[in-house]
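The chain contents come next:
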Amino acid sequence: MSLPLIALVKMESTKADLLTSKADCLVVGIGDNGALSTAAIDLDKLAGGWVSQSIKSGALKTKRGELTLMPAIPAIGTGTSAPATLMFVGVGDIEKLRRGQAFDLGAAMMRRLVDAPRERVVVSLAGLIADELHDAVVAGAMMGCDGESIYMAEPKINPPQVIAWHGFGDASIAQGAIIGDSINTTRRMVNEPANHIYPESFADAASAIAADVGLAIEVWDEKRLESEGCRAILAVGAASIRPPRLVIMKYQGGDNSQPWVALVGKGVTFDSGGLSIKPTDGMVDMKCDMAGAATVLGTMRAIALLKIKVNVIGLCGLAENMISGTAFKLGDVIEARNGTTIEILNTDAEGRVVLADTLDVAVQHKPVAIVDLATLTGACMVALGRDVAGLMTNDEPLCEALGQAAEAEGELVWKLPMFDFYGEQIKSKVADIKNTGDARWGGAITAAKFLECFVGNAPWVHIDIAGPAFAESSKPHRDAGATGVMLRTLVAWLNDRAAGKP
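Residues numbered from 1 in each chain as written. Predicted model: local features only at pLDDT ≥ 70, side-chain atom pairs only at ≥ 80, totals over all residues. Heavy atoms only, no water.

(A) View of the packing of aromatic side chains. A full pass over the atoms with the stated rule returns six aromatic pairs. With a centroid separation of 5.9 Å and an interplanar angle of 55°, the aromatic rings of Trp50 and Phe88 are classed as tilted. With Trp50 in helix 2 (residues 50-57) and Phe88 in strand 4 (residues 85-92), this residue pair connects regions lying 38 residues apart in the sequence. Residue classification places Trp50 among the partly exposed residues on the basis of a relative accessible area of 26%. (Phe/Tyr/Trp six-rings, centres within 6.5 Å; stacked < 30°, edge-to-face > 60°. Helix = DSSP H or I, 4+ residues; strand = E, 2+ residues; numbered from the N terminus. Buried < 20%, exposed > 50% of the residue type's maximum accessible area, 1.4 Å probe, protein only.)

(B) Region of interest: the sheet that holds strand 9 (residues 260-271). In spatial order, the strands read 7-8-10-9-13-17-14-15; together these eight strands make up an open sheet with mixed pairing. A strand with exactly one partner marks an edge of an open sheet, and here the two such strands are strand 7 (216-220) and strand 15 (413-415). This sheet shows a mean twist of 20° between the axes of neighbouring strands, independent of strand direction. Bridge count between strand 14 (residues 389-393) and strand 17 (residues 460-464): four bridges; the pairing is antiparallel. Looking at the pairing, Leu391 lines up with Ile463 of strand 17. Along the sheet, helix 10 (residues 291-306) makes contact with strand 8 (245-252), strand 9, strand 10 (311-321) and strand 13 (369-374), crossing strand 9 at roughly 140°. (Pairing = 2+ DSSP bridges. Axes fitted to C-alpha atoms, helices over the stretch in contact; angles between N-to-C directions. Contact = heavy atoms within 4.5 Å.)

(C) Molecular detail of unusual backbone geometry. Within the chain, Asn33 stands out as a residue other than glycine whose phi angle is a positive 60°. Looking at the element boundaries, Asn33 is found in the loop between strand 2 (25-31) and helix 1 (38-46). Among the residues examined, Asn33 registers a relative accessible area of 83% and is labelled exposed. Notably, Met486 is not glycine yet its phi reads approximately 80°, a positive angle. Along the polypeptide, Met486 turns up in the loop between strand 19 (481-482) and helix 16 (487-498).

(D) View of the layout of surface pockets. What the largest pocket holds in volume is close to 1000 Å³. Considering the residues around the largest pocket, the lining is formed by 40 residues, among which Leu376, Thr377, Gly378, Ala379 and Met381 are closest to the centre. Looking at the lining of the largest pocket, the elements with two or more residues in it are strand 9, helix 9 (280-283), helix 11 (351-363), helix 12 (378-384) and helix 15 (443-452). With five residues, the single largest contributor to the lining of the largest pocket is helix 12. For the lining of the largest pocket, the residue count by class is 16 nonpolar, twelve polar and twelve charged. For the second largest pocket, the lining is made up of 24 residues, of which Asp387, Lys475, His477, Arg478 and Val485 are closest to its centre. Contributing elements (two or more residues each) for the lining of the second largest pocket: helix 3 (99-113) and strand 18 (470-471). Broken down by element, the lining of the second largest pocket gets its largest block of residues, four residues, from helix 3. (1 Å grid on protein atoms, 1.4 Å probe; cavity = no way out; pocket = protein on both sides within 12 Å on 5 of 7 lines; lining within 4 Å. Points joined across faces, edges and corners; volume = space filled by probe spheres on them. Nonpolar A, V, L, I, M, F, W, Y, C, P; charged D, E, K, R; others polar.)

(E) Quick peek at the pairing of strand 5 (residues 120-124). Counting buried positions over the five residues of strand 5 gives four, a clear majority of the element. One ladder, built from five bridges, connects strand 5 with strand 6 (residues 162-166); its direction is parallel. In the sheet register, Val122 faces strand 6, and the bridge partner there is Ala164. For the handedness criterion, the β-α-β arrangement of strand 5, helix 4 (residues 134-143) and strand 6 is classed as right-handed. (Right-handed = clockwise from strand over helix to strand, strands pointing away.)

Quick look at the structure:
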């Protein structure tokens, strides 16, 4: 396993003359109505209006995300003191550009350039993109430097050694690089196959990251889980030769008087479905069933490096759902850590069982808010599709704050109702609750109602990322595989809390 504990690419600022400095590629921005970045203006003057004329003729496209890669034009000159190639990046209407679009733009331009080895890429978008969006562009560019082809003999992605940003401030570059690299940390964890990432190795990776960025960390092994009464986590992992783990990370960015916020992630490192076994097609991508835990890990890394003034505890419940003579069975009744009894009617509804104990451990730290993330239900994808995460809550202001952060970052979420009658559907005839609802209907919500039984009175939001956490196909701004969805939202929300917002 080759986990990126440090940035894949060095990000730096530059004040050099862009048209005479050495670079494998000079990236310049062009927008609607003749809007040009600083380097594009200089290039246009040097080439006698060639850039403006090419835009008017349609040879260069200004629509957001349209990219034109070409050899450097003769007007720049040749040799070691000039860029080898040019890439024109369409920005579109610069007045309508938002953070999510800026992030996607940075990712798309780098994905276009990683097809071949390039040592140094210089980017000139200043003057065309608002200052408050610079960090988003940098974060997207960093994300575009990594992908799912991590075990190919011939690298499919060739990240440059250096990306130099002209006209971007050092603070924006540093923040964007941290966010982008933390997203890639999450993506790499999810993209790793299940023979490399399992509960113990996930915990080891989390410990290495914690040491690297200054997080406090505690790992509960199977003996500690047993002594703590975490029978639900142990039941899910009982059939695997890889025993469960619970990872507890702490970041104290605020003072002792500040309350704690808890982030909780589902970490089923592989989900066969257990005795309710999945078909082959449904099992192929089940290495991604720990994306919630990986997102918590990446977020904790980011906030530690950004030094956000909040107190956050991150918990990852880790288990492998396999099949053997020790597997938990349909009809079993399990007593969770908080004393609630659970009737198991489907061993493929295991993520909520893992989260039952994990949420209870979070509650004992008395957080003022709990946010959990989980690739929990196919039902959420049926309701919202593959690109939208579902929000479910017992606290409307908390949910609204998260929704606003997601909207600001351009990540798609939609709130689903939590009416009381959904809770009736998880009542068991032999135990307190059962781990399935009634048939197929409202499955994402009945799963959330199950989780609600383990958060006590704490304000809580459940984020079902089953759809957007793992992509079957690529897009111009991202590779197929893990996406790192919701990390930017969580960081933005925690920044808002540090600024005194709800």
